[in-house]
Amino acid sequence: MINFSSENFTGVHGKVMSALVRANSGTVPSYGNDLYTEKAVDILKEYFGKEIDVFFTFNGTGANNFGLGCVIEKYQSVFCTDIAHLYVNESTAPEAFLGCRIYPVQSFNGKIDIDELTRSIKRLNSIHHPQAKVISITQPTECGTVYSIDELLTIKKICLDNKMLFHIDGARFFNAAAHLNVSLKKISSEIGVDILTLGGTKNGIMYGEAVIFFNMPDTNSFRYHLKRSMQLASKNRFIAVQFLALFENELWKDFAVHTNNLAKTFAAEISNVPEIRIVYPVESNAVFAEIPGHLLPGLREKAGFYSWDEGKNIYRFIFSFDNTLEEIEFFTRQLSMGNER
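Residues numbered from 1 in each chain as written. Predicted model: local features only at pLDDT ≥ 70, side-chain atom pairs only at ≥ 80, totals over all residues. Heavy atoms only, no water.

Novice: Account for the environment of Glu-46, naming residues and giving values.
Specialist: Structurally, Glu-46 is set in helix H2 (residues 35–48). Separated by 73 residues in sequence, Glu-46 and Arg-119 place their C-alpha atoms 38 Å apart. (Helix = DSSP H or I, 4+ residues; strand = E, 2+ residues; numbered from the N terminus.)

Novice: Now, about the sheet that holds strand E12 (residues 286–290): what can you tell me, with residues and values included?
Specialist: Note: strands within a sheet are paired through backbone hydrogen bonds, in either parallel or antiparallel orientation. The 4 strands lie next to each other as E11-E12-E15-E14, forming an open sheet whose pairing is antiparallel. The sheet is open, and its two borders are formed by strand E11 (277–278) and strand E14 (306–309), each paired with just one other strand. For E11 and E12, the ladder comprises 2 bridges, and the chain directions are antiparallel. Residue pairing for E12: Arg-277 is matched across the bridge by Glu-290. Its contacts with the sheet place helix H11 (residues 251–270) against E11, E12 and strand E15 (314–318), and it is angled at close to 20 degrees to E12. (Pairing = 2+ DSSP bridges. Contact = heavy atoms within 4.5 Å. Axes fitted to C-alpha atoms, helices over the stretch in contact; angles between N-to-C directions.)

Novice: Help me get a handle on the pairing of E15, residues and values and all.
Specialist: In terms of residue burial, E15 counts as a mostly covered element, since 5 of its 5 residues are buried. Side chains Ile-314, Arg-316 and Ile-318 project from E15 onto one buried face, and the interleaved Tyr-315 and Phe-317 project onto a second face that is buried too. Of the strand pairs in this sheet, E12 and E15 are connected by 5 bridges, and their pairing is antiparallel. Pairing of Phe-288 across the sheet is with Arg-316, part of E15. Sheet topology note: the E14/E15 ladder contains 3 bridges and is antiparallel. Directly across from Ser-307, in E15, lies its bridge partner Tyr-315. Where E14 folds back onto E15 in an antiparallel hairpin, the turn is made up of 4 residues, including Asn-313, whose phi is positive at roughly 60 degrees. (Buried < 20%, exposed > 50% of the residue type's maximum accessible area, 1.4 Å probe, protein only.)

Novice: Please provide a residue-by-residue account of the packing of helix H1 (residues 14–23) against helix H10 (residues 237–247), values included.
Specialist: At their nearest, the axes of H1 and H10 sit 9 Å apart, and the two run at 140 degrees to each other. Put simply, H1 runs oblique to H10. Of the two elements, H1 crosses H10, and the hand of that crossing is right-handed. The residues of H10 that touch H1, namely those facing Lys-15, Val-16, Ala-19, Leu-20 and Ala-23, are Arg-237, Phe-238, Val-241, Gln-242 and Ala-245. When grouped by side-chain class, the residues that make up the contact of H1 with H10 number 7 nonpolar, 1 polar and 2 charged. (Parallel < 35°, antiparallel > 145°, perpendicular 65-115°, else oblique. Left-handed = near helix turned anticlockwise from the far one by under 90°. Nonpolar A, V, L, I, M, F, W, Y, C, P; charged D, E, K, R; others polar.)

Novice: Which residues make up the nonpolar core, and what values do they have?
Specialist: Counting residues in each nonpolar core, the largest one holds 59 residues, and the members touching the most others are Phe-48, Phe-56, Leu-198 and Phe-247. When residues in this core are grouped by element, the largest group, 9 residues, is from H10. Not counting chain neighbours up to four residues away, the residues in contact with Leu-198 comprise Leu-44, Phe-48, Gly-170, Phe-173, Phe-174, Glu-209, Ala-210, Ile-212, Phe-243 and Phe-247. Counting 24 residues, the second-largest nonpolar core is a separate cluster that includes Phe-266, Val-282, Phe-305 and Phe-331. (Core = buried A, V, L, I, M, F, W, Y, C linked by side-chain atoms within 4.5 Å.)

Novice: Report on the packing of aromatic side chains, specifying residues and quantitative values.
Specialist: What the rule picks out here adds up to 30 aromatic pairs. When the centroid spacing of 6.3 Å and the interplanar angle of 45 degrees are considered together, the rings of Phe-247 and Trp-252 count as tilted. The pair Phe-247 / Trp-252 is uniform in exposure class, with both members buried. Taking 4.9 Å as the distance between ring centres and 75 degrees as the angle between the ring planes, the aromatic pair formed by Phe-288 and Trp-308 counts as edge-to-face. With Phe-288 in strand E12 and Trp-308 in strand E14, this residue pair connects regions lying 20 residues apart in the sequence. For Trp-308, a relative accessible area of 28% puts it in the partly exposed group. Of the aromatic side chains, those joined through ring pairs into one cluster are Phe-4, Phe-266, Phe-305, Tyr-315, Phe-317, Phe-319 and Phe-331. Sitting above the plane of the Tyr-147 ring, Lys-111 keeps its charged end 5.8 Å from the centroid. (Phe/Tyr/Trp six-rings, centres within 6.5 Å; stacked < 30°, edge-to-face > 60°. Lys NZ or Arg CZ within 6 Å of the ring centre and 35° of its normal.)

Distances and angles like these do not, on their own, reveal function.
So, in C-alpha cells, the structure goes:
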C-alpha cells in the first residue's frame, strides 16, 4: 500500500543505512565522546553558526522537553499555538517533565496569532501568575505552512520586548528552508532563535533528533539535563553518523525539495476533482484536503493517509523521501474514477 500517512512509516534511506553500517565497526568511546559525534557537531556549526551547542536525542518529544527543560523553571510558562505538537500530541510529557504552565494561543493556518500572543503575555512580575519565558513555534507548522522571515523576526521582537526565549520545533525544518529557498542560518541563528529542535526521524534516518542552542551564555549544565531527561545515548555514534549522512552533499536539501515538490504536484492534481478542497496553503511536504466521505473507501484500499478532522472530512497527506510521482498519478486516477462513480 502507498504511504501518505507520515514519514514515520518509511524505512531508512540507503545512504543513511550505509553510514550506520560503516559506524558499526570496532569500538569507540561512549556517551558522545566519539569522532562521529565530534564531526556531526562540526558540520552543524558550519550550517547554523559557530556559536552553537548541539545535543543529540532519541525522539522529538524527548528533544522538545530536553531543550525547554534546560531553560525553564517550574514557575514559568511556554506560549505555543493551540494545535502545537508540544501542546496536543506530546501527551502529558511537557507537564510531567517541565512542570510549568503551557499557554495555547489561537492560530490561523497553523501559525500563531500575533495579536493574541501579545495579549496573552501579561502580568509580568506578578507573584500570582506564571512568568512568561518561552515562545515556541513549529516550523513548518502542523498545517504544513511556513513562517516567513518577517514573521519570524516579529516573534523574535516579542521575545526581546518581554525578555523571553524563542524555541522552534523543527521536525520538518529542512522543508521550511527549501520552501523559502534560504540557508539554514537564515531562519535560525540570523533570526535570533535560541533553541531549535532539528528533526532527523522524519528525514530518512532511523531515529534521532538534534537540539541546538544558540549563543547561550552557559550550557555546561545542559549535559546533566540530557541525562535527567533520559535522552543521553550510550552509543551516540549511531545518532550522530546519521546526521553526518544527512549533511553529506546536502542530502537533507534533496529530500526537502523532492517532498515539497511532490506535495505541490499532489495538490494540483487532486484540485482537478470538483468535490475536493485544499484546506491550507501548500508550503512544505504536507497537503490537507477536504474529501467527501463517499470517495474514501476506495482510496483507503490504495493508500494510507491521516484523518486530521473527521468531523469536517479533512485529511492530511504527507510526502516522504521514498514517495514518487508515479504513486501520486496512481492515487489521483483512483480518486477520479471514484468521483465518476
